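# What the coordinates show
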Amino acid sequence: MKTRITELFGIEHPIIQGGMHFVGYAQLAAAVSNAGGLGIITALTQRTPAALAEEIARCREMTDKPFGVNLTFLPAVTPPDYPGYIKAIIDGGVKVVETAGNNPQKWLPGLKEAGVKVIHKCTAVRHALKAETIGCDAVSVDGFECGGHPGEDDVPNFILLPRAAEELKIPFVASGGMADGRSLVAALALGAEGMNMGTRFIATKEAPVHENVKQAIVAASELDTRLVMRPLRNTERVLTNNAVERLLEKERSLGSSLKFEDIAAEVAGVYPRIMLEGEMDAGAWSCGMVAGLIRDVPTVKELIDRIMAEAEGLVRQRLAGMVGG
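Now for a description of the structure that goes with this document. (Residues numbered from 1 in each chain as written. Predicted model: local features only at pLDDT ≥ 70, side-chain atom pairs only at ≥ 80, totals over all residues. Heavy atoms only, no water.)

## Re the overall build of the protein chain
In plain terms, the rule: Working definition: helices are DSSP H or I runs of at least four residues, strands are E runs of at least two. Numbering for both runs from the N terminus. Within these notes, the globule rule equals 2.2 Å times the number of residues to the 0.38 power, and the radius of gyration is based on C-alpha atoms. For the exposure calls, accessible area comes from a 1.4 Å probe over protein chains only, and a residue counts as buried if that area is under 20% of its type's maximum, exposed if over 50%, partly exposed in between. Every residue pair with non-hydrogen atoms within 4.5 Å of one another is taken to be in contact. Per-residue accessibility takes into account occlusion by the displayed protein chains alone, with areas from the Shrake-Rupley method and a 1.4 Å probe.
In terms of regular secondary structure, the protein chain is built from 14 helices and ten strands. In terms of overall size, the protein chain behaves like a compact globule, its C-alpha atoms giving a radius of gyration of 19 Å where 325 residues would be expected to give roughly 20 Å. With the C-alpha coordinates of the protein chain rotated into their principal frame, the extents come out at 60 × 45 × 35 Å. Put simply, the protein chain has 325 residues, and 53% of those count as buried. The contacts in the protein chain between residues at least 6 apart in sequence include a share of 62% that link residues at least 24 apart. Accessible area of the protein chain: about 14,000 Å², with a carbon and sulfur share of 55%.

## Points about the sheet that holds strand S3 (residues 67-73)
Stated formally: Strands pair, by our definition, only if DSSP identifies at least two bridges between them. Fitted lines through C-alpha atoms give the axes, limited to the stretch in contact for helices. The angle between two N-to-C directions lies from 0 to 180 degrees.
Strand order in the open sheet formed by eight strands is S1-S8-S7-S6-S5-S4-S3-S2, and the pairing between neighbours is parallel. The sheet is open, and its two edges are formed by strand S1 (15-17) and strand S2 (39-42), each paired on a single side. Strand-to-strand twist in this sheet, taken as the mean axis angle between neighbours without regard to direction, amounts to 30°. For S1 and strand S8 (residues 195-197), the ladder comprises three bridges, and the chain directions are parallel. Bridge pairing in S8 places isoleucine 15 opposite methionine 195. Each of strand S6 (138-142) and strand S7 (172-175) touches helix H7 (residues 157-167); the most contacted strand, S6, lies at about 155° to it.

## Structural notes on the pairing of S3
The criterion, for reference: A right-handed crossover is one whose linking path, passing over the helix from the first strand to the second, runs clockwise when the strands point away from the viewer.
Within S3, seven of the seven residues are buried, leaving the element largely enclosed by the surrounding structure. Neither face of S3 is left uncovered, since the one carrying Phe67, Val69, Leu71 and Phe73 and the one carrying Gly68, Asn70 and Thr72 both have all their residues buried. For S2 and S3, the ladder comprises four bridges, and the chain directions are parallel. Paired with isoleucine 41 across the two strands is valine 69, which belongs to S3. Read from S2 through helix H3 (residues 49-62) to S3, the crossover connection turns out right-handed. The pairing of S3 with strand S4 (residues 96-101) spans six bridges and is parallel. Of the residues in S4, the one forming a bridge with glycine 68 is valine 96. With helix H4 (residues 82-91) bridging S3 and the parallel S4, this β-α-β connection has right-handed handedness.

## Examining the packing of aromatic side chains
To be explicit about the condition: Centres within 6.5 Å are what make two rings of Phe, Tyr or Trp a pair, Trp counting through its six-membered ring; a difference in plane orientation under 30 degrees is then read as stacked, over 60 as edge-to-face, and the rest as tilted. Remark: a charge is flagged as sitting over a ring if the NZ atom of Lys or the CZ atom of Arg is within 6 Å of the ring centre and within 35 degrees of the ring normal.
In total, this model carries three aromatic pairs according to the counting rule given. Considering the side-chain rings of tyrosine 82 and tryptophan 107, the 6.2 Å spacing of their centres and the 50° angle between planes classify their relative orientation as tilted. A residue pair is termed long-range when its members are at least 10 positions apart, and tyrosine 82 in helix H4 and tryptophan 107 in the loop between S4 and helix H5 (108-113) qualify at 25 residues. Across the pair, tryptophan 107 and tyrosine 82 agree in class, each one buried. Members of the aromatic cluster, joined through ring pairs, are Phe73, Tyr82 and Trp107. In this structure, arginine 237 is placed above the aromatic ring of phenylalanine 144, and the distance from its NZ or CZ to the ring centre is 4.8 Å.

## Description of H3
Note the threshold: An expected span of 1.5 Å times one less than the residue number is assigned to each helix. To be clear, the arc concerns the directions from the helix axis to the C-beta atoms.
The end-to-end C-alpha distance of H3, which contains 14 residues, comes to 20 Å, matching closely the 20 Å that a straight helix rising 1.5 Å per residue would cover. Within H3, the full set of buried residues consists of Pro49, Leu52, Glu55, Ile56 and Cys59. In an axial view of H3, the angular spread of the buried residues amounts to 110°, which keeps them on one side of the axis. In H3, the exposed residues that point more than 90 degrees away from the buried face are Glu54 and Glu61. Next to the buried residues of H3 lie helix H2 (26-34), S2, S3 and H4.

## Quick word on the pattern of salt bridges
Quick note on the threshold: Counted as salt bridges are all cases of a side-chain nitrogen of Lys or Arg within 4 Å of a carboxyl oxygen of Asp or Glu.
Enumeration over the complete set of coordinates arrives at 20 salt bridges. The closest approach of N and O atoms between aspartate 154 and arginine 230, which form a salt bridge, is 2.7 Å. Taken together, the positions of aspartate 154 in the loop between S6 and H7 and arginine 230 in the loop between strand S9 (225-228) and strand S10 (236-239) put the pair 76 residues apart, joining distant regions of the chain. Taking the relative accessible area as the measure of exposure, arginine 230 reaches 27% and is therefore partly exposed. A salt bridge links arginine 182 to aspartate 180, with the nearest nitrogen and oxygen atoms 2.8 Å apart. Judged by its relative accessible area of 46%, arginine 182 falls in the partly exposed class. One salt-bridge network, held together by shared partners, links Glu152, Asp154 and Arg230.

If you want it as C-alpha cells, here you go:
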C-alpha cells in the first residue's frame, strides 16, 4: 500500500508505532520495522543521551529497516538534556523523529541539516498548521479517543481527521482509536495517509512490558478508561484501577484547590512499577479507548499482516462491491 507516508519514511505499510514511555524499546521498534511499519524508540525512557545511543545501536542490530525516535518536549524544572538526545539521534543515523509536547521549532534546523524527517504529534488542527508552518515533514493527528494526552479540545477523530485534511498540505497519520484494518481504511477515507498505534502495540508478544499489562488491555472494554488531571489542564487518558479511582476522588474533593502535589503519588514515577513489574494498581498509566477492540496478544508481524490483509479485503471487496462495476 503506497501513501505519502510510506514514501516519506521509506516503509512498506502505512503503520507507525507510537512513542510510549517504558514500552518503546529497541525490541518493539525493531519488530514493527521488520514487519514493514515504522518502529519508534522512546528517547526519554532512556535516562541519558548515552543510554539512548546504546538503544539505537541495539535496534540497528535487530533491523536493517527504517526506525524512528520519539522525543517529547515537556516543561520541566530541570529539563532533560535535549541537545544530547538530539546528538545521539543524529549520530546514530536515525532518519525519522516523532516530536511531541511543546513546539519543536528550535530543534528543527539541526535535525533538517542531518536529513532527519520530523513528524509532530498534535491534538488540534491549529497545532498541526503550526507544525506545518515551522517545517515539520508530517504530523500525527491525535483524536480524543487516544491514550495519553488528548489535549483539552475533546474533538474525536471522525471530526478531527477530515478537518486536518481540509487544512494541511503536509501528510498526516491518524492516531487514537486505531487497532485494525477497519481503522486503517477509515483513517485513509477521512484523509490521513496512514495510522499510528500505541495501545494496540502494547498488547503484542514483543512489547517489553509485564504480561499483566497486556492482559489488562485485553480484558478492558471501551468503557474502562478515565480522564485524569483535567483540572490541571494536563488531561491524560488512562486505564482505570484503584489508584486512578483514588486520584479522581481527590480531584472531586479538592476541587479548584487541587495541585499536582496532591496526586503525585498516583502519577509520578509509576511507569517502571507498572510496565516492568506488573503492579497494576501502582498508579495511572496511559491507555486508549481502543482497548475495547483488542482481544489477543499476537506477534507484531501477525498483527501488521492481519491489519493489511483486512484493509485490502475491505477496499477490494466490501467497498468496491458497494459502488458496482
